[in-house]
Each structure stands twice: as structure tokens, then as C-alpha cells.
Amino acid sequence: MERIGILTSGGDAPGMNACIRAAVRAASAQGLEIFGIRRGYAGLIRGEIEPLDRRSVTNIIHQGGTILGTARSPEFMTSEGRATAIENLRKAGIEGLILIGGDGTFHGGTVLSQECGVSIIGVPGTIDNDVYGTDYTIGFDTAVNCALEAIDRIRDTALSHERLFFVEVMGRRTGFIALESGVAGGAEELLIPEVSMSVDELCSHLERSFKGEKKSAIVVVAETEQPGDSFRIAQEVRDKVGFDSRVCILGHIQRGGSPTARDRVLAGKLGIAAVQALAAGKSGYMVGEINWRVAYTPLQYTWEKGKELNVELVEMRKLLCE
Ligand code: F6P
């Protein structure tokens, strides 16, 4: 193999740049040429492919977002779109491709690897941490710390006004960000899709704690299909038990910003591992980290198998925070 490509796809995540930097430098150390593909699969279809070298990735390790740009590309899910993408890879002489993204990216990558002769290696990059085959995804730690800082700030005002707050965090159908930021921020309640809790149950928990010493509380809510659902929950709680509350939706703030040390180190490790995997002739795998070691998971499993929440953390929050 002489020439490889790299792209970022789906939602951007802090640490993607650190991963691109690591892959470019590892490729150059291996004597491989590396090309950046702009705007994810959308750019691959449009043939937006340009050479990268050690110098093109200087001073990006601390930057959030992705220098390559990203997109969600419905066109890539069509066979015509993929045929154009494959033709562009062929014209550019790219024999191996690194995909940095989440389960949607790897779904596309699985189909691509079945349809073309290019070797494909995925690297998990998403704030949601909802990818099977890795303990953590690149960007998750930064997003959790961003949510945590917000929770800490809200606690100051919640305490001062003796108020109930609902803080809605991202996670796209999963509660990883909510759980970890909720545990770290001492959230009194947690609403996540993996653990069912009705509004009635929530109300009775809140009533119980407000009858005791508590004068304020924070409920961390994982976003649902429809972001902003916490407004509905807050209203239902108000209607049922009369608690006045405020809602804070953190939204895309969690996606930006300088990556934490943990995300940068993980990004470096997996960027290097991806290049080494391609150089060793591997294809159709995601490189992740399990128990601190690089692990190879078939790309298909990463989106087919659901990743489980850490139940110990769920229990731990109950014991410490309620
Ligand atoms: O997958 C990352 C993520 O930020 C999710 O947490 C969120 O549900 C989604 O992307 C938002 O997507 P978009 O930026 O396309 O609105």
C-alpha cells in the first residue's frame, strides 16, 4: 500500500484534529502518502481530495472541530452516490481509507468496504460514546466535561434561588453523556433512555427529597429524538406537583471547544493504530480502546451491536446523589 485517504464524517467531535494529525504523521513515518477528503462522504462524492503532509497538521492538536470539515450525506446511502465515491478513490489511487466518525459513518463504511477494493479502517469519533467496540469515543470526555462545567454553574444558581433545574445534554438516543456528567455533577435525578422512569416516579422522588433538607435539585436529561423534551417534562412536573423550575438545554456547545488531554491522547493512539492496521493489510475493522489496549472490532458490529451503559455508574449515582 502506498497511498491512503482520511475523512471525518457525521457530527464533529473534539479530538478529531488530534486524530488527523496522528494519522498523517504515522503515515509519513511509514512512508505512505496520505490524502485528506473534505466534508466526509459528501466530499468524497464530489472528489474533494487533497494531499496532506506533516506541515499541514501543525498546530491543530488543541483545536475542536475538524480541519477536513464534515457532513451527513444521504447521497452516500444511494448506490449511485457510492459508485461516484468509489470512482473518485480509484482515480486518486487511494488504496486504504481511514474513517473518523460514529455509527452512521461506520454503517456507510461497511457498505463501502463490501463494494470496493479499498481497505477501510474506522476510528470512533463522536461525543455520544454510543459505538460498540471501544470503551470511549474521541470527543466524549470533552463533551462530558463541558456538560459538567455547565451543571456546576447551574448548581450555584439553583442553590441561591432554591430551584429545580432540568439540564438537557446531547447523546442521540443514548444516555452516556447524561450518566457520566450526572454522576460527576451530583445530579439528584437522571432521565436517560436506558433506564425507564415515568414523570410520576420522578415527581415522587423530587417530592421526597424536597420534604427533607433539599431546597434545590438538578435533573440531568438525555435528549430524545426531539431535542427540547425537557420543557415538556418540566411542565408536567409543574402541573403534577407545582415545583417551579428552569430548563437549560446545552445543545451544540457540547460539540465544540478544545479537546481534553484524555481525548487528545486517545485520538493520537487510535490515529496511529489506524495507519498501522492499514499498513498491516487489515480492512473492515474499527480500531478502538478496550481496557487501555487497542482493540479491532469488525466495522459491522460497531453499529449493529448496541453498546451498554456502565450499570455500576447508574447504581453509584443513586447511592451518592439521590
Ligand atoms: O452525534 C452527535 C450529536 O451531537 C448528537 O448528540 C446529536 O443528537 C446530534 O449530533 C445533533 O446533530 P446535528 O448537529 O446534525 O443537529
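Residues numbered from 1 in each chain as written. Predicted model: local features only at pLDDT ≥ 70, side-chain atom pairs only at ≥ 80, totals over all residues. Heavy atoms only, no water.

### Here we look at the overall build of the chain
And step 1. Along the backbone of the chain there are 11 helices and 11 strands.
And step 2. Expected size for 322 residues packed as a compact globule is a radius of gyration near 20 Å; at 21 Å, the chain falls within 12% of this value.
And step 3. Oriented by its inertia axes, the alpha-carbon framework of the chain measures out at about 70 × 35 × 30 Å.
And step 4. Within the chain, buried positions represent 54% of all 322 residues.
And step 5. Sequence separation of at least 24 residues holds for 76% of the intrachain contacts in the chain that already meet a minimum separation of 6.
And step 6. Averaging the positions of the 35 positive and the 42 negative side-chain charges in the chain gives two centres separated by 4 Å. (Helix = DSSP H or I, 4+ residues; strand = E, 2+ residues; numbered from the N terminus. Rg over C-alpha atoms; globule rule 2.2 N^0.38 Å. Buried < 20%, exposed > 50% of the residue type's maximum accessible area, 1.4 Å probe, protein only. Contact = heavy atoms within 4.5 Å. Lys, Arg positive; Asp, Glu negative; His and termini not counted. Charge placed at Lys NZ, Arg CZ, Asp CG, Glu CD.)

### Things to note about the sheet that holds strand β1 (residues 3-8)
And step 1. Ordered by their spatial adjacency, 7 strands build an open sheet running β3-β2-β1-β4-β5-β10-β11, and the pairing between neighbours is mixed. A single partner strand is all that each edge strand has here, and the edge strands are β3 (49-52) and β11 (293-298). When strand polarity is set aside, the average angle formed by the axes of neighbouring strands in this sheet is 30°.
And step 2. As paired elements, β1 and strand β2 (residues 33-37) share 4 bridges and run parallel to each other. Paired with I6 across the strands is G36, a residue of β2.
And step 3. Each of β4 (96-101), β5 (119-124) and β10 (285-290) is contacted by helix α4 (residues 103-115), which is oriented at about 160° to β4, the strand it contacts most. (Pairing = 2+ DSSP bridges. Axes fitted to C-alpha atoms, helices over the stretch in contact; angles between N-to-C directions.)

### Some remarks on a nonpolar patch on the surface
And step 1. A surface patch of nonpolar side chains, amounting to about 340 Å² of accessible area, comprises M316, L319 and L320.
And step 2. Position of M316 relative to the elements: it lies in helix α11 (residues 311-321).
And step 3. Note on M316: relative accessible area 36%, which makes it partly exposed. (Patch = residues over 30% accessible without salt bridge, like charges linked within 9 Å, V, L, I, M, F, W, Y side chains within 5 Å. Areas by Shrake-Rupley, 256 points an atom, 1.4 Å probe, with all protein chains shown as cover. Salt bridge = Lys/Arg side-chain N within 4 Å of Asp/Glu carboxyl O.)

### Observations concerning the domain arrangement of the chain
And step 1. Split into domains, the chain comes out as domain 1 (3-139 + 259-304) and domain 2 (141-256).
And step 2. Just the C-alpha atoms count here: the centres of domain 1 and domain 2 sit 34 Å apart.
And step 3. Contacts between domain 1 and domain 2 engage 16 residues on the former and 14 residues on the latter.
And step 4. Summed over the shared surface of domain 1 and domain 2, the number is 4 salt bridges.
And step 5. Between R172 and D103 there is a salt bridge whose closest N-O contact spans 2.7 Å.
And step 6. The tally of links between domain 1 and domain 2 comes to 10 residue pairs in polar contact (both at pLDDT 80 or more).
And step 7. Counted by class, the side of domain 1 that touches domain 2 contains 5 nonpolar, 4 polar and 7 charged residues. (Domains from an automatic or database assignment. Polar contact = N/O pair within 3.5 Å; in protein donor to acceptor, adjacent residues only side chain to side chain. Nonpolar A, V, L, I, M, F, W, Y, C, P; charged D, E, K, R; others polar.)

### With respect to the packing of aromatic side chains
And step 1. Within this structure, the stated rule accounts for 3 aromatic pairs.
And step 2. Geometrically, the ring pair formed by Y41 and F76 is stacked, given 3.8 Å between the ring centres and 0° between the ring planes. With a gap of 35 residues between them, Y41 in helix α2 (residues 40-46) and F76 in the loop between β3 and α3 (79-92) connect regions that are remote in the sequence.
And step 3. Under the relative-accessibility criterion, F76 is labelled buried at 0%. (Phe/Tyr/Trp six-rings, centres within 6.5 Å; stacked < 30°, edge-to-face > 60°.)

### Considering the side chain of S73
And step 1. With respect to the helices and strands, S73 occurs in the loop between β3 and α3.
And step 2. The residues touching S73, leaving out its near neighbours within four places in the chain, are Y41, A42 and I45.

### Digging into the site of the ligand
And step 1. If you check the shell around the ligand, you find R72, T126, I127, D128, M170, G171, R172, E223, H252 and R255 and nothing else.
And step 2. Taking R72, its side chain carries an N or O atom lying 3.0 Å from an oxygen atom of the ligand.
And step 3. When the ligand is considered free in solution it has 400 Å² of accessible area, and contact with the protein chains removes 74% of it.
And step 4. Partitioning the shell around the ligand into residue classes produces 2 nonpolar, 3 polar and 5 charged.
And step 5. Counting the residues that make up the shell around the ligand, at least three belong to each of domain 1 (3-139 + 259-304) and domain 2 (141-256). (Near = heavy atom within 4 Å.)

### Details of unusual backbone geometry
Negative phi is the rule for most residues except glycine; trans is the rule for most peptide bonds.
And step 1. Although it is not a glycine, N129 adopts a positive phi angle of roughly 60°.
And step 2. The backbone phi angle of R172 is positive, close to 40°, even though this residue is not glycine.
And step 3. Checked against the element boundaries, R172 lands in the loop between β6 (164-169) and α6 (176-184).

### Side note on the sheet that holds strand β9 (residues 245-249)
And step 1. Strand order in the open sheet formed by 4 strands is β7-β8-β6-β9, and the pairing between neighbours is parallel. Both outer strands of the open sheet, β7 (189-191) and β9, are each paired with one neighbouring strand and no more. Direction aside, the axes of adjacent strands within the sheet are offset by 20° on average.
And step 2. Pairing between β6 and strand β8 (residues 217-222): 6 bridges, direction parallel. Paired with F165 across the bridge in β8 is I218.
And step 3. Docked against the sheet, α6 engages β6, β7 and β8, running at close to 160° with respect to β8.
And step 4. Across the sheet, helix α8 (residues 229-241) is in contact with β6, β7, β8 and β9; its angle to β6 comes to roughly 155°.

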